[in-house]
Amino acid sequence: MFIGAHVSIAQGLTGAVKAAQAMQANTFQFFIRNPRGGQARKLDEKDLRQAHELMIQYGFGPIVGHAPYTYNLASTRPGIREFTIRTLKDDLERARVMKLSRIVLHPGTHGEQGEEKGLELIVQGLKEVLSAIGDDDISILIEGMAGEGSEIGYSFAHLKSILQGCGHHPRLAFCLDSAHLTGAGYDLSQWAPVKAEFDRAVGMDRLKAFHLNDTVYPLSSKRDRHAKLGEGCLGVGAIRQIAEDEDIHQIPLILETPNDNAGYAKEIALIKAWVRGEA
């Protein structure tokens, strides 16, 4: 089982690995550059080498980079789309240097264009970005959204449309989020049929990360605000179904709950106890 949380890399990648290991995690997620802008810290070869040595030592699984929130492949403004494509390509170069295999990307918001046009623009942009991957072992993971405002990607039909539009590119995959799924109307108290629907739409083999969060808002709210595990509308029962699913154990399971590192450590310990049948 690969389980971790979203952590800061303010102290470098080595600092992030140490923080994750201290909470007994064996994976983690981090912003590949400033989440509210386009700036990226200079990469330090010594830091990266030490980080990967530690990850090998502690038996880490794949780690996950998260693209900034400012990216929008569906934007009505050509300048924003151009910035998104150009900077995503740069993120791929950074990922190569960091030996990172997964970058999570929010698909974007369509504004007043409508979903069909928004999906068309996302596919156009992704095709250009994916063409820059080549044979590298790097995947772009489109994250399923809650459907707040004019967000695209809140339905498995949207994800299927993006995958088909990109010709089922081998480096295009997906990330699901339990809080987003709930907001979008997927009842996770019945995880098995939701999982089966996702499998029919795009295939479970395309699921490369999962964000495990409770949610402040109820089913079909189209709202996105995370809560600590068991303290929101989703509740322990649904969260536990996902955490105990052996298919989910094959991919990074990432906590994005409103916690500090000590809080993440407690939630990681709880999930491990569920899986072991001790709680």
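The text that follows walks through the structure, step by step, so that each part is easy to find. Computed from a predicted model, the values in this text were never measured in an experiment.

Cut-offs applied
- Residues numbered from 1 in each chain as written.
- Predicted model: local features only at pLDDT ≥ 70, side-chain atom pairs only at ≥ 80, totals over all residues.
- Heavy atoms only, no water.
- Buried < 20%, exposed > 50% of the residue type's maximum accessible area, 1.4 Å probe, protein only.
- Helix = DSSP H or I, 4+ residues; strand = E, 2+ residues; numbered from the N terminus.
- Pairing = 2+ DSSP bridges.
- Right-handed = clockwise from strand over helix to strand, strands pointing away.
- Phe/Tyr/Trp six-rings, centres within 6.5 Å; stacked < 30°, edge-to-face > 60°.
- Core = buried A, V, L, I, M, F, W, Y, C linked by side-chain atoms within 4.5 Å.
- Contact = heavy atoms within 4.5 Å.
- Axes fitted to C-alpha atoms, helices over the stretch in contact; angles between N-to-C directions.
- Parallel < 35°, antiparallel > 145°, perpendicular 65-115°, else oblique.
- Left-handed = near helix turned anticlockwise from the far one by under 90°.
- Nonpolar A, V, L, I, M, F, W, Y, C, P; charged D, E, K, R; others polar.
- 1 Å grid on protein atoms, 1.4 Å probe; cavity = no way out; pocket = protein on both sides within 12 Å on 5 of 7 lines; lining within 4 Å.
- Points joined across faces, edges and corners; volume = space filled by probe spheres on them.

## Considerations on the pairing of strand S4 (residues 102–105)
Next, step 1: Residues Arg102 and Val104 point to one face of S4 and Ile103 and Leu105 to the other, with burial holding for every one of them.
Next, step 2: The pairing of strand S3 (residues 64–66) with S4 spans two bridges and is parallel. Within S4, the residue paired with Gly65 across the bridge is Ile103.
Next, step 3: For the crossover from S3 across helix H3 (residues 78–98) to S4, the handedness is right-handed.

## Let's talk about the packing of aromatic side chains
Next, step 1: In the structure shown here, the tally under the stated rule is eight aromatic pairs.
Next, step 2: Residues Tyr71 and Phe83 carry aromatic rings whose centres are separated by 5.8 Å and whose planes lie at 75° to one another, so their mutual orientation is edge-to-face. One end of the pair, Tyr71, is in the loop between S3 and H3; the other, Phe83, is in helix H3, with 12 residues separating them in the sequence.
Next, step 3: With a relative accessible area of 3%, Tyr71 lands in the buried category.

## Focus: the nonpolar core
Next, step 1: Among the nonpolar cores identified, the biggest contains 77 residues, and Phe28, Leu126, Ile140, Phe210 and Leu212 are the most heavily contacted of them.
Next, step 2: Here this core takes six residues from helix H4 (residues 115–130), the largest share from any one element.
Next, step 3: If we ignore the near neighbours within four places in the chain, the residues touching Ile140 are Leu88, Leu92, Ile103, Leu105, Leu126, Val129, Leu130, Ile133, Arg171, Leu172 and Ala173.
Next, step 4: Val64, Val104, Leu141 and Ala209 belong to the second-largest nonpolar core, a separate cluster that totals six residues.

## Structural notes on the packing of H4 against helix H5 (residues 156–165)
Any two packed helices are characterised by how steeply their axes cross, that is the angle between the axes, and by the distance between the axes.
Next, step 1: Between H4 and H5, whose axes approach to 9 Å, the crossing angle comes to 40°. On the basis of their axis angle, the class for H4 and H5 is oblique. Two packed elements cross with a definite hand, and for H4 against H5 that hand is right-handed. Across the interface between the two elements, Glu115, Leu119, Ile122, Val123, Leu126 and Lys127 of H4 pack against His158, Ser161, Ile162 and Gly165 of H5.
Next, step 2: Residues belonging to the contact of H4 with H5 are distributed by class as follows: five nonpolar, three polar and two charged.

## With respect to the layout of surface pockets
Next, step 1: Taken as a whole, the largest pocket encloses approximately 250 Å³ of empty space.
Next, step 2: Classifying every residue of the lining of the largest pocket gives three nonpolar, seven polar and five charged.
Next, step 3: Estimated volume of the second largest pocket: approximately 180 Å³.
Next, step 4: Forming the walls of the second largest pocket are 14 residues, and the residues nearest its centre are Ile9, Phe31, Arg33, Asn34 and Pro35.
Next, step 5: Taken together, the residues that form the lining of the second largest pocket break down as seven nonpolar, four polar and three charged.

## Re the packing of helix H1 (residues 12–22) against helix H2 (residues 45–57)
Next, step 1: Running from amino to carboxyl end, H1 crosses H2 at an angle of 25°, the nearest separation of the two axes being 7 Å. The angle between H1 and H2 places the two elements in the roughly parallel class. In this structure, H1 contributes Gly12, Leu13, Thr14, Val17 and Lys18 to the contact, and H2 contributes Asp47, Leu48, Gln50, Ala51, His52, Leu54 and Met55.
Next, step 2: Taken together, the residues that form the contact of H1 with H2 break down as six nonpolar, four polar and two charged.

Note that every value here comes from positions in space, so none of it alone points to a role or purpose.
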